[in-house]
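The primary structure of each chain is shown beneath.
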Amino acid sequence: MVPVFVTDIIKKLNNANYESWVVGGCVRDLLMNRQPADWDIATNARPDEVIKIWPDAKYENIFGTVLVKVKNDAGETEEVVEVTTYRSEQGYADRRHPDEVRFEDKLEKDLARRDFTINALAAAPLGDRKFIADKFNKIIELDNEAWELVDYFGGEKDIKQKIIRAVGEPSERFKEDALRLMRAVRLACQLDFKLEPKTERAIVKLAGGLKFIANERIRDELVKILSSAQAYRGLVKLEETKLLQYIIPELLAGVGMEQKGHHIYTVYDHSILALKNCPNADWRVRLAALLHDIAKPTTRKVINGENTFYNHDWVGAKMTRKIMTRLHFATADIDKVVTLVANHMFYYNVGEVTAASVRRLIAKVGEENLRDLIDLRIADRLGSGTPKAVPYKLRHFQYMLDKVRHDPVSVKMLKINGSDLMAELKLEPGPKIGAILDVLLSEVIENPKLNTKEFLSQQAQELNKLDLTELREKAKSVIAEKREAEDEEIKKSHRVA
Ligand code: ATP
Ligand code: MG
């Protein structure tokens, strides 16, 4: 379905005697019966002429794109549609931006600058226009209306055959703009298409061009791959095309690395399979599945003839932070994925997990990450070749989570707060208050019955005698770092994990 606000723009331009088409990815999506993510319009009107029609439109670049603001079809929110003057691009000395952009009069020129044949299509409602047939156009039906489809490069056929093929000479096109290397793999993955052999060979040959591309653009493509239905296929393709070494080279250290124990796959294959089996559609959980064992190669030690990977969860969390920071991910996303990777070994053996250890886990990972952590664990189990995700153990764990649901697991849930402390202990605002609350929480997590105003006030009096460093040490030794004991448990239970 093409929204009316889009066809209206085309009609307005036509009424002013300009050509105008929806172009690129949205035409591809329309022909495939997919809902386009965004709408792009191309026109022979120059930017200043477009602005005459929409005076409050924005023109803030030199690339011919005017941002036209219109109401959406429900008349509620505002949509921004990119209306771009036909243009061609010359010279890509830096492998990412054209040295020169030239406005053109012919649609063909504008379509020729596009990356893949399936993205080089244009379409417009025929309306009152007279259809002049040539080799490159035809009438199609869209939304019960006659539309003209323009296809100079065989895009329609490639859509039917599910092929990603560069427009023109693949090597040339990838040299111009190396982001196209990753767009090819991303589109193949999103649309479930194959790379045309010559196009794929050019990608492999020119993979190193990705070095010239801004990390945030690589990140955006990676997120699209991770969010697609067959994300793992995208990762497999990134590796096959040699692009992965310029995106997350750390993953490649696990290639061919045997594990033993309950793992029948190498570290690398297991990472990809964990992604494949991740039952969660959130790209952040999927990224955690891909990266959860990222530190296995660096932490591997052979003890008594067996592979061990002690601390790979914590080292892996650090590596994950480094990788995601390098790729310019948002802080909240980094924190979430790092938390998942750091805690993917959480202990949940029936009969051995105590309510206190479950509360500690919740305090550590946050209520909002629990479901995702469980999904990561399922991905990990399924991806290691074990037949089942031990549903019964997970069900028991879920039961434990429900059981402690109303127990205090954060400072906010304590029956005493910062202002109480300041009043009772005559303290000035400062870090000491937070430190005292942290110690109180650590005690309440072990025993929720202690969460009473009387007990906490009395305990705070005692704690106030300690200085800040001592308080922090105390909080650490109780809360986060019950870890040592837990680590011992993990080591005992599955030496190889
Ligand atoms: P999406 O589904 O993510 O919107 P898309 O193919 O529509 O995918 P856009 O970034 O919206 O991608 O770009 C719209 C169109 O602009 C593309 O279909 C393509 O014709 C053209 N295009 C985008 N990026 C490039 C590029 N790097 N090189 C050449 N053409 C490009
Ligand atoms: Mg698009």
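Residues numbered from 1 in each chain as written. Chains lettered and ligands numbered in written order. Predicted model: local features only at pLDDT ≥ 70, side-chain atom pairs only at ≥ 80, totals over all residues. Heavy atoms only, no water.

1. Some thoughts on a positive patch on the surface
- Together, R95, K175, K205 and K211 make up a region of like positive charge exposed at the surface.
- Structurally, the position occupied by K211 is in the loop between α8 (197-206) and α9 (215-227).
- On the accessibility criterion, K211 (59% relative accessible area) is exposed. (Patch = residues over 30% accessible without salt bridge, like charges linked within 9 Å, V, L, I, M, F, W, Y side chains within 5 Å. Areas by Shrake-Rupley, 256 points an atom, 1.4 Å probe, with all protein chains shown as cover. Salt bridge = Lys/Arg side-chain N within 4 Å of Asp/Glu carboxyl O. Lys, Arg positive; Asp, Glu negative; His and termini not counted. Charge placed at Lys NZ, Arg CZ, Asp CG, Glu CD. Helix = DSSP H or I, 4+ residues; strand = E, 2+ residues; numbered from the N terminus. Buried < 20%, exposed > 50% of the residue type's maximum accessible area, 1.4 Å probe, protein only.)

2. Digging into the domain arrangement of the chain
- When cut into domains, the chain gives domain 1 (4-158), domain 2 (162-247), domain 3 (257-407) and domain 4 (412-494).
- Computed over C-alpha atoms, the centres of domain 1 and domain 2 are 24 Å apart.
- Each partner contributes residues to the interface: domain 1 has 20 residues there, and domain 2 has 23 residues.
- Together domain 1 and domain 2 conceal approximately 1900 Å² of surface at their shared face, both sides included; 56% is due to carbon and sulfur atoms.
- Per-residue buried area on domain 1 facing domain 2 is highest for R95, F116 and D158; these three make up 37% of the total on that side.
- If you look at where domain 1 meets domain 2, you find 2 salt bridges.
- D115 serves as the salt-bridge partner of R183, at 2.6 Å between the closest nitrogen and oxygen.
- Of the residues assigned to the side of domain 1 that touches domain 2, the class counts are 7 nonpolar, 2 polar and 11 charged. (Domains from an automatic or database assignment. Contact = heavy atoms within 4.5 Å. Buried area = accessible area lost by both parts, 1.4 Å probe. Nonpolar A, V, L, I, M, F, W, Y, C, P; charged D, E, K, R; others polar.)

3. Observations regarding the site of ligand 1
- The local shell around ligand 1 holds 14 residues, among which G25, R28, N119, D177 and R180 are the closest.
- A distance of 2.8 Å is found between an oxygen atom of ligand 1 and a backbone nitrogen or oxygen belonging to G25.
- One of the backbone nitrogen or oxygen atoms of D115 is found 3.2 Å away from a nitrogen atom of ligand 1.
- For ligand 1, the accessible surface in isolation is 590 Å², of which the surrounding protein chains cover 82%.
- Mapping ligand 1 onto the cavity grids shows that it belongs to the largest pocket.
- Going through the elements one at a time, α2 (25-31) and α7 (179-191) are the ones with two or more residues in the shell around ligand 1.
- Considering every element that reaches the shell around ligand 1, the biggest residue donor is α7, with 3 residues.
- Looking at the shell around ligand 1 residue by residue, the classes come out as no nonpolar, 3 polar and 11 charged.
- When residues of the shell around ligand 1 are sorted by domain, at least three fall in each of domain 1 (4-158) and domain 2 (162-247). (Near = heavy atom within 4 Å. Polar contact = N/O pair within 3.5 Å; in protein donor to acceptor, adjacent residues only side chain to side chain. 1 Å grid on protein atoms, 1.4 Å probe; cavity = no way out; pocket = protein on both sides within 12 Å on 5 of 7 lines; lining within 4 Å. Sits in = over half its atoms within 2 Å of the grid points.)

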